[in-house]
Amino acid sequence: MKQTTPEPTRPLLEADQLTKRYEDGQLALDTVSFQVAGGEIYAMLGGNGAGKTTAINLFLNFIPPTAGEARVDGVATHRDPLRAKARLAYVSENVMLYPNFSAVQNLDFFTRLSGRTDCRRDEYRAVLRRVGLQDEAHDRKLKGFSKGMRQKCGIAIAMLKNAPAILLDEPTSGLDPQAAFEFIHLLAELRAEGKAILMSTHDIFRAREIADTVGIMNRGRLVMQLAGADLGETDLERLYLNYMSGHATPAGGGAA
Ligand SMILES: Nc1ncnc2c1ncn2[C@@H]1O[C@H](COP(=O)(O)OP(=O)(O)OP(=O)(O)O)[C@@H](O)[C@H]1O
Ligand SMILES: [Mg+2]
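None of these values were measured; they are calculated from a predicted model. (Residues numbered from 1 in each chain as written. Chains lettered and ligands numbered in written order. Predicted model: local features only at pLDDT ≥ 70, side-chain atom pairs only at ≥ 80, totals over all residues. Heavy atoms only, no water.)

K.L.:
Please give an account of the pattern of salt bridges that cites residues and values.
P.N.:
Considering all chains together, one arrives at 17 salt bridges under this definition. Between Arg 71 and Asp 16 there is a salt bridge, with the nearest N and O atoms lying 3.1 Å from each other. You can see Arg 71 sitting in strand 4 (residues 67-72) and its partner Asp 16 sitting in strand 1 (residues 11-21), a full 55 residues away along the chain. The partner of Arg 112 in a salt bridge is Asp 108, and the shortest N-O contact between them spans 3.0 Å. (Salt bridge = Lys/Arg side-chain N within 4 Å of Asp/Glu carboxyl O. Helix = DSSP H or I, 4+ residues; strand = E, 2+ residues; numbered from the N terminus.)

K.L.:
Explain the packing of helix 3 (residues 103-113) against helix 5 (residues 147-161) to me, using residue names and the numbers behind them.
P.N.:
The geometry of helix 3 relative to helix 5 is characterised by a closest axis approach of 10 Å and an angle of 35° between their N-to-C directions. Between helix 3 and helix 5 lies a crossing of right-handed hand. Residues Ala 103, Asn 106, Leu 107, Phe 110 and Thr 111 of helix 3 form the contact with helix 5, whose participating residues are Cys 153, Ala 156, Ile 157 and Leu 160. Residues belonging to the contact of helix 3 with helix 5 are distributed by class as follows: 7 nonpolar, 2 polar and no charged. (Axes fitted to C-alpha atoms, helices over the stretch in contact; angles between N-to-C directions. Left-handed = near helix turned anticlockwise from the far one by under 90°. Contact = heavy atoms within 4.5 Å. Nonpolar A, V, L, I, M, F, W, Y, C, P; charged D, E, K, R; others polar.)

K.L.:
Give me the lowdown on the environment of Phe 62, citing residues and values where you can.
P.N.:
Checked against the element boundaries, Phe 62 lands in the loop between helix 1 (52-59) and strand 4. The spacing of Phe 62 and Leu 142 is 80 residues in sequence and 25 Å in space, taken between C-alpha atoms. In this structure, Phe 62 is in contact with Asn 57, Lys 85 and Tyr 90, ignoring residues within four places of it in sequence.

K.L.:
Any details on the domain arrangement of the chain? Residues and values, ideally.
P.N.:
Splitting the chain by domain gives domain 1 (1-87 + 163-256) and domain 2 (97-162). Measuring from the centre of the C-alpha atoms in domain 1 to the corresponding centre in domain 2 gives 26 Å. Taken together, the 18 residues of domain 1 in the interface contact 11 residues of domain 2. The junction of domain 1 with domain 2 conceals about 1100 Å² of combined surface from both sides, 56% of it contributed by carbon and sulfur atoms. The interface formed by domain 1 and domain 2 includes 2 salt bridges. Two residues, Arg 130 and Glu 189, come together in a salt bridge whose shortest N-O distance is 2.7 Å. Across the contact surface, domain 1 and domain 2 share 7 residue pairs in polar contact (both at pLDDT 80 or more). For the side of domain 1 that touches domain 2, the secondary structure elements donating two or more residues are helix 2 (81-86) and helix 6 (177-192). For the side of domain 1 that touches domain 2, the element with the highest residue contribution is helix 6, accounting for 6 residues. Its residues placed into classes, the side of domain 1 that touches domain 2 shows 9 nonpolar, 3 polar and 6 charged. (Domains from an automatic or database assignment. Buried area = accessible area lost by both parts, 1.4 Å probe. Polar contact = N/O pair within 3.5 Å; in protein donor to acceptor, adjacent residues only side chain to side chain.)

K.L.:
So, the site of ligand 1: which residues are in play, and what are the values?
P.N.:
Taken together, 14 residues sit near ligand 1, with Asn 48, Gly 49, Lys 52, Thr 53 and Thr 54 positioned nearest. Between ligand 1 and Gln 26 there is a distance of 3.3 Å, counted from an oxygen atom to a side-chain nitrogen or oxygen. Calculation on ligand 1 without its partners gives an accessible area of 640 Å², and the protein chains cover 65% of this total. Among the elements that line the shell around ligand 1, the one with the most residues is helix 1, at 3 residues. Per-class residue counts for the shell around ligand 1 are 3 nonpolar, 8 polar and 3 charged. (Near = heavy atom within 4 Å. Areas by Shrake-Rupley, 256 points an atom, 1.4 Å probe, with all protein chains shown as cover.)

K.L.:
Quick one: what's the story with the sheet that holds strand 9 (residues 213-218), residue by residue and with numbers?
P.N.:
Read across the sheet, 6 strands follow the order 6-7-8-3-9-10 without closing on themselves; strand pairing throughout is mixed. The sheet is open, and its two borders are formed by strand 6 (88-91) and strand 10 (221-227), each paired with just one other strand. Neighbour to neighbour, the strand axes of the sheet diverge by 15° on average, direction disregarded. Note that strand 9 and strand 10 share 6 bridges and pair antiparallel. Looking at the pairing, Thr 213 lines up with Ala 227 of strand 10. Sitting on the sheet, helix 9 (residues 236-244) is in contact with strand 3 (40-46), strand 9 and strand 10, with an inclination near 20° to strand 9. (Pairing = 2+ DSSP bridges.)

Spelled out as structure tokens, the structure:
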């Protein structure tokens, strides 16, 4: 008989006691654990140097963990980086693309590199439109693009990879307010498609608006995690500022 109950959402991204001490002794991430299931958006908030980019880089296996592990769809990234990376799409803070290629040529190049060879030009244009890059820019060279326009291309490449998990490091940092607004809606669409989305951001208001779970990081530790009704009822900005000023401690019900 056909199974009718929906499959329980399993975590696609898992930080398990994840710890990173850099070569110079800096403890950037201290036994951090969290999970992101398919169809969920997890936003990491935290001041400069809190460890957000370090966490993302560990998921990508750009750096090895000192202890604990980052798993993608159950695969520990430092043990089987190729299998883990195949399930991940990533948009960095400063998207690096080929300056002498057009937007469409960059999409074509990076999509083929990620293993997809079935994409047509009109599909690239459709994705560029979806991320809000104006038509007249599709065939222009990247070297004339603003930061936000490059960011949009990076997001388009990540979408074309069609991976179940997406990592975004400060994705709205280069976007103008309208583009940031549209981007948040795009993330909601990707969530509805079942993607697991992990993002770092300094934008408390957007995090609250879009995320299912918000984790507040401070000096390498996940000091607070809020989800669902807790997130809706909390003055996130005040809570965040309390943690940053050291007036709140990680103890208590909602602490991670
Ligand atoms: N390659 C590195 N070598 C040594 N220390 C590093 C390295 N990269 C980051 N760090 C340190 O690790 C800590 C966490 O940095 P990280 O870049 O993860 O912070 P972040 O939360 O992303 O900050 P921001 O909001 O400024 O992007 C900081 O103290 C930083 O100086
Ligand atoms: Mg960072």
